[in-house]
Amino acid sequence: MTQQLIAKRSLLGARVKSVSAPRVLLGETSYVDDIKLPGMLYLAFARSTSPHSNLESVNIEKALGEDGVLTAITGDQISREIQPFPIFASPDGVRPVRKYPIAVGKVRYVGEIIAAIVGESRSSAEDGAESVVVEYVPRDPIVNLDAALQPNSSLVIDEWGTNEAYFKEIKAGNIEQALANADFVLKAKFKIQRQYGSPMEPRSVVASYDPSMDYITLYTSTQWPHLVRTVLARMLGIGEHKIRVIAPDVGGGFGNKQDVYPEEILAAYLARKLRRPIKWTASRSEDAISTVHARDQIHKVEFAVTRDGTLLGVKDEILADLGAFHTMSIGPQLVTVATLPGAYKIKNWHIMLRCITTNKTPVGAYRGFGASESNFVLERSVDLIARELKLDPAKVRLKNFVQANEFPYRTALGSEYDSGNYANCLRWALVMAGYEGFKKEQIQLRNQGRLVGIGISFVVESTGIGSSKEMASDGFKVYGGYDNATVRVERSGSVSVLTGLCPHGQGLDTTLAQICADEFGVTIEDVRINWGDTMTSPYGFGTWGSRSAITGSTVMKMSIDKVKQKATEIAAYALNVNKENMEFSEGKFFARDRSQKVLSLRQVAEIAYSASDLPDGMEPGLSATSFYDPPSPSYAYGVHLPIVEVDRDSGKIILLKYFVVHDCGTMINPSIVEGQLQGGIAQGIGGSLLEEIRYDEEGQPLAANFLDYLIPTANDVENIEIEHLETPSKINPYGVKGVGEGGAIAPPAAIASAVENALAHLGVKITETPMTPERILGLIKNRDLRDA
């Protein structure tokens, strides 16, 4: 009997099917725009058509005369009634700015809100928005970094007296000596384009107000409802106990919804003012110019190496385009800096980061959060170094990797890598891709006129970051990293988990349920994961930064252990057994030496809630709450090896194969892991080949819809093969590392490496994304003309 009870099956590592898949497939989901409340009004916005102008006047009289329009407000009005946005991604040295949900006195980018209009229908509100009369006093638009840095440049934020929002200089080792001692110094300029996350569901908000309780309920498509509530309370000057924020089903976030937006504040403000529910849902073109953009960096690099390929040091001057600045505009750039060392033992650094404002949509979070940019710069540099020194790029990587016996390893810039085996990962991928055989085959294919190449990109991803003191210099610390979970065994023996996370497609309802079911010995069907509602979910920082599996599983286990401890005491008392002699397995409590005495979890829960046979002084119920703040990140890693073919006549890049070996520590559910990697790779392919938010010289956006902003289709992401290493992290109890962003970080450098390899005989160098057919064809033709 004892042996049978102890024998434990484990759900950890099992390919459990998604618990939410049936609901999604049957169309039973509920997104913000699906919400319909009695007496619903609709919100629309007059947005700036000028990238940079003073506002001489904003006349809303004509808008108020439109049929069905109930009210309209401007920046001058709103600035007298609410507080400005807190800039909560705010390291020491960031210039302060007062930013309201509606422009006050000046517009700084096309798409900035000039007036908010409420109508009885969406069409009446939009008609009202079109009727707002604006008198602009145009100013020179700043649309590129060179213009922004000129001494007499027009200023995006006048009170600063400069367009530089933030400067940071980092030194480690002795870069000047490394450059002097180098056998070769690579000098290169890299450019990473501006992107938009393009979630399937545009941003959407519904706000309602209960005047009897002075209570706001806000439904919003967000990744962090508690942060929205905190910021909303501060800006409206009311207590958080009078605000409920609900994130229902969210149709993609990718970091773009890891922010607090003007539309959320205005919907809540106006619902309270008018005492009626209000809805706003962005059109695709509206979403593309008002949702934060990302990336947009230029790096000027000097890379010191020895003749045998030893990497000595890096000097990097980074110019980061922030756009017109918002709450999360600073942050990705600091991750860029911190992740520059990658997988390599580089001791000497000098980094100068300049974050510059321009008259474009503000930047913010997007999958990769600054790490995609650093990976492109680092991995492209390693390839170019190998090429100049006539070395195999794989061997240069192997030579410079942090070795397995060197973990934990602290980089020269201060990051501490917890565990890994980088060399084994790369060697496995080389075998998967048939790397040595391909190099021979490539010669034959080139003789046939085919331009085929193989590339490498190795990525180290910081996951599960804890609270950041560096990001909160203004005293309003909302950029935390801890999380919170309540675990409650119900009277029936089923389990409810309340988490501060806010998943939106990551499969966390499945992975957390797996862990919980495994710990309690119940079925997954007996576990419910609850999130996304500030009334019922404990305060937490949502889902972002490849953190949720780490923080969510760890804090949930802390609460589970507390519940188990209490349940064990109850069972021991009921069975008249010393609690030290009790065991728990497969949902049953039993005496180690008298196995015939057994109580199920359900029986113990019945005792706990009926309070019929509890130890003296013990409170009824069977629940516990815990908080967890990761002491340091866990570092996942992987290598991407694509094989591509370049069409000489059109410049189109065709992905023939895409090989990945990835290590995210212990895999809770391999199917979820692979889904995250495949989704990330798809976005990485888009950033490599297609996606770019461009502006003309006058500051007008040129890609505000999917006719101009191209994203990959299913046909573009075929033939992905994934293998896994599992090097458990030592920082958390399950050995988990995050997986949300690694798939998106590596593809630009990997595909650029493969394209450059395919065109190596032409001397082509790829230092910029995206690699559009026009850009590649231009490189080919330029080389052909030179050769002619």
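The numbering scheme is per chain: residues are counted from 1 as the chain's sequence reads. Local features in a predicted model are, by the rule used here, given only for residues with pLDDT of at least 70; side-chain atom pairs are given and counted only at 80 or more, and totals for whole chains, interfaces and linings are based on all residues. Based on all heavy atoms of the structure, the side-chain values leave hydrogens and waters out of the count.

Per the convention used, a helix needs a DSSP run of H or I reaching at least four residues, while a strand needs a run of E reaching at least two, with both numbered from the N terminus. Scanning the protein for helices and strands turns up 22 helices and 29 strands. Its C-alpha atoms give the protein principal-axis dimensions of about 90 × 75 × 50 Å. Whether a residue is buried, partly exposed or exposed follows from its accessible area with a 1.4 Å probe, protein chains only, as a fraction of its type maximum: under 20%, in between, or over 50%, in that order. Across the 788 residues of the protein, 62% fall into the buried class. Long-range contacts, defined here as pairs at least 24 residues apart, represent 80% of the contacts in the protein between residues at least 6 apart. We call two residues in contact when some of their heavy atoms are within 4.5 Å.

Time to look at the confidence of the model for the protein. Across the chain, each position has a pLDDT score giving the predictor's confidence in that residue, from 0 to 100. The predicted model of the protein has a mean per-residue pLDDT of 94, with 96% of residues at 70 or higher. Across residues 1–7, confidence stays below pLDDT 50; counting only partners more than four residues off in sequence or on other chains, it has 15 contacts. Note that residues 471–478 has pLDDT below 50 and, in this model, 27 contacts with residues that lie over four places away or in other chains.

Our focus in this paragraph is the sheet that holds strand E24 (residues 588–591). With respect to topology, three strands assemble into an open sheet ordered E23-E24-E25, the strand pairing being antiparallel. Each end of this open sheet is capped by a strand with a single partner; those strands are strand E23 (582–585) and strand E25 (598–600). Looking at each pair of strands side by side, their axes are set apart by 20° on average, direction ignored. Relative to E25, E24 runs antiparallel, the two being bridged by three bridges. Its bridge partner being in E25, Phe590 is matched across the sheet by Val598. A pair of strands counts as paired when DSSP detects no fewer than two bridges linking them. Simply put, an axis is a line fit to the C-alpha atoms, just over the touching stretch for a helix, and the angle between two N-to-C directions goes from 0 to 180 degrees.

This paragraph deals with the nonpolar core. Here, nonpolar core refers to any group of buried Ala, Val, Leu, Ile, Met, Phe, Trp, Tyr and Cys residues whose side-chain atoms link them within 4.5 Å. One finds Phe303, Phe325, Tyr422, Phe458, Leu641 and Val755 to be the most contacted residues of the largest nonpolar core, which totals 113 residues. Leaving out residues up to four positions away in the same chain, Phe458 has contacts with Ala343, Tyr344, Asn375, Glu379, Phe401, Tyr422, Cys425, Leu426, Tyr637, Gly638 and Val639. Of all hydrophobic cores here, the second largest spans 46 residues; its members include Ile73, Ile102, Ile243 and Ile278.

Close approach of charged atoms allows side chains of opposite charge to pair. We count a salt bridge whenever a side-chain nitrogen from Lys or Arg sits within 4 Å of a carboxyl oxygen from Asp or Glu. A full pass over the atoms with the stated rule returns 46 salt bridges. Where Glu164 meets Arg354, a salt bridge forms, and the shortest distance between an N and an O atom there is 2.6 Å. Taken together, the positions of Glu164 in strand E7 (residues 164–172) and Arg354 in strand E15 (residues 348–357) put the pair 190 residues apart, joining distant regions of the chain. Three or more residues are tied together by salt bridges with common partners; here these are Glu379, Arg380, Asp383, Arg387, Arg397 and Glu756.

Attention now moves to empty space enclosed by the protein. Buriedness of a pocket was judged along seven lines, with at least five required to meet protein on both sides within 12 Å; pockets are open sets of points on a 1 Å grid over the protein atoms alone, cavities are sets where a 1.4 Å probe fits but cannot get out, and lining residues have an atom within 4 Å of a point. Grid points are joined across faces, edges and corners, and a volume is the space filled by probe spheres set on the points. Throughout the structure, instances matching the rule amount to four cavities of 30 Å³ or more. Taken as a whole, the largest cavity encloses approximately 140 Å³ of empty space. Considering the residues around the largest cavity, the lining is formed by 17 residues, among which Lys99, Tyr109, Pro262, Ser290 and His326 are closest to the centre. Classification convention: Asp, Glu, Lys, Arg as charged; Ala, Val, Leu, Ile, Met, Phe, Trp, Tyr, Cys, Pro as nonpolar; all other residues, Gly among them, as polar. Classifying every residue of the lining of the largest cavity gives 10 nonpolar, three polar and four charged. Put simply, the second largest cavity is a space of about 90 Å³. In terms of lining residues, the second largest cavity is bounded by 14 residues, among which Gln195, Arg295, Ser372, Gly687 and Pro748 are the most central. Contributions of two or more residues to the lining of the second largest cavity are made by strand E8 (184–196), helix H12 (371–388) and helix H19 (670–689).

Hydrogen bonds along the backbone pair up the strands of a sheet, which may run parallel or antiparallel. Read across the sheet, five strands follow the order E7-E15-E14-E13-E8 without closing on themselves; strand pairing throughout is mixed. The open sheet has two edge strands with one neighbour each: E7 and E8. Between one strand axis and the next, the sheet turns by 10° as a mean value, whatever way the strands run. Where E7 lies against E15, eight bridges are found, and the strand directions are antiparallel. The partner of Phe167 across the bridge, within E15, is Arg354.

Here we come to the pairing of strand E22 (residues 527–530). Of the two faces of E22, only one is covered, namely that formed by Val527 and Ile529; the face formed by Arg528 and Asn530 stays uncovered. Bridge count for strand E21 (residues 495–499) against E22 is four bridges, and the pairing is parallel. When the bridges of E22 are listed, Leu498 appears paired with Asn530.

With that settled, the discussion passes to the pairing of strand E5 (residues 113–119). In terms of burial, E5 is largely enclosed, as seven of its seven residues are buried. Taken together, the five bridges between strand E3 (residues 69–74) and E5 define a ladder with antiparallel strand orientation. Bridging from a neighbouring strand, Thr71 pairs with Val118 of E5.

An ideal rise of 1.5 Å per residue puts 28 Å on 20 residues; H19 measures up with 28 Å between its terminal C-alpha atoms. Across the 20 residues that make up H19, a large majority, 16, are buried. Identification of polar contacts relies on pairs of N or O atoms within 3.5 Å, with a donor-acceptor requirement for protein atoms, meaning one able to donate a hydrogen and the other able to accept it, and with residues adjacent in sequence counted only if both atoms are side-chain atoms. A distance of 3.0 Å separates the backbone nitrogen of Ser671 from a side-chain oxygen at the start of H19, and that oxygen is part of Asn669. What a helix is expected to span follows from its residue count: subtract one and scale by 1.5 Å.

Tracing the backbone shows Ala433 in helix H14 (residues 422–433). In this structure Ala433 touches Ile454, Leu641, Ile643 and Phe659, once residues within four positions along its chain are discounted.

Where helix H13 (residues 393–400) meets H14, the axes come as close as 10 Å, and the angle between the chain directions of the two elements is 160°. Judged by the angle between their axes, H13 and H14 are roughly antiparallel. In the crossing of H13 with H14, the sense of the turn from one axis to the other is left-handed. Contacts between H13 and H14 involve Ala394, Arg397 and Leu398 from the first element and Ala423, Leu426, Arg427 and Leu430 from the second. Looking at side-chain class alone, the contact of H13 with H14 contains five nonpolar, no polar and two charged residues. Angles below 35 degrees are treated as roughly parallel, those above 145 as roughly antiparallel, those between 65 and 115 as roughly perpendicular, and all remaining angles as oblique. Crossing handedness is read from the near helix: turned anticlockwise from the far helix by less than a right angle, it gives a left-handed crossing, and turned clockwise, a right-handed one.

Let us look at the side chain of Thr534. Along the polypeptide, Thr534 turns up in the loop between E22 and helix H17 (548–575). From its side chain, Thr534 meets the backbone nitrogen of Val245 in a polar contact 2.9 Å long. Beyond its immediate chain neighbours, meaning those up to four positions away, Thr534 contacts Pro225, His226, Arg229, Ile243, Arg244 and Val245.

Within the element layout of this structure, Val644 appears in strand E27 (residues 634–646). Ignoring any residue separated from it by four or fewer positions in sequence, one finds Val644 in contact with Leu451, Val452, Gly453, Ile653, Ile654, Leu655, Leu656, Ala754 and Val755.

By secondary structure assignment, the location of Gln333 is in helix H11 (residues 332–338). Overall, Gln333 belongs to the buried group, its relative accessible area being 3%. Separated by 3.0 Å, the side chain of Gln333 and the backbone nitrogen of Gly331 make a polar contact. Other than its neighbours up to four places away in sequence, Gln333 contacts Gln297, Ala320, Leu322, Leu353, Cys355 and Val363.

Here we come to the packing of aromatic side chains. We call Phe, Tyr and Trp rings a pair once their centres come within 6.5 Å, taking the six-membered ring for Trp, and we label the pair stacked below 30 degrees between planes, edge-to-face above 60, and tilted otherwise. For the structure shown, the criterion picks out 18 aromatic pairs. Judged by centre distance (6.4 Å) and plane angle (70°), the ring pair of Trp224 and Trp544 falls under edge-to-face. Within this pair, whereas Trp224 is found in the loop between strand E10 (215–220) and helix H8 (225–236), its partner Trp544 is found in the loop between E22 and H17, the two being separated by 320 residues in sequence. For the cation-ring pair, Arg203 lies above Tyr261, with the distance from its terminal atom to the ring centre recorded as 3.8 Å. The criterion is that NZ of a Lys, or CZ of an Arg, lies within 6 Å of the ring centre and within 35 degrees of the ring normal, and then a charge sits over that ring. When the ring centre of Trp544 is taken as reference, the NZ or CZ atom of Arg547 above it lies at 4.9 Å.

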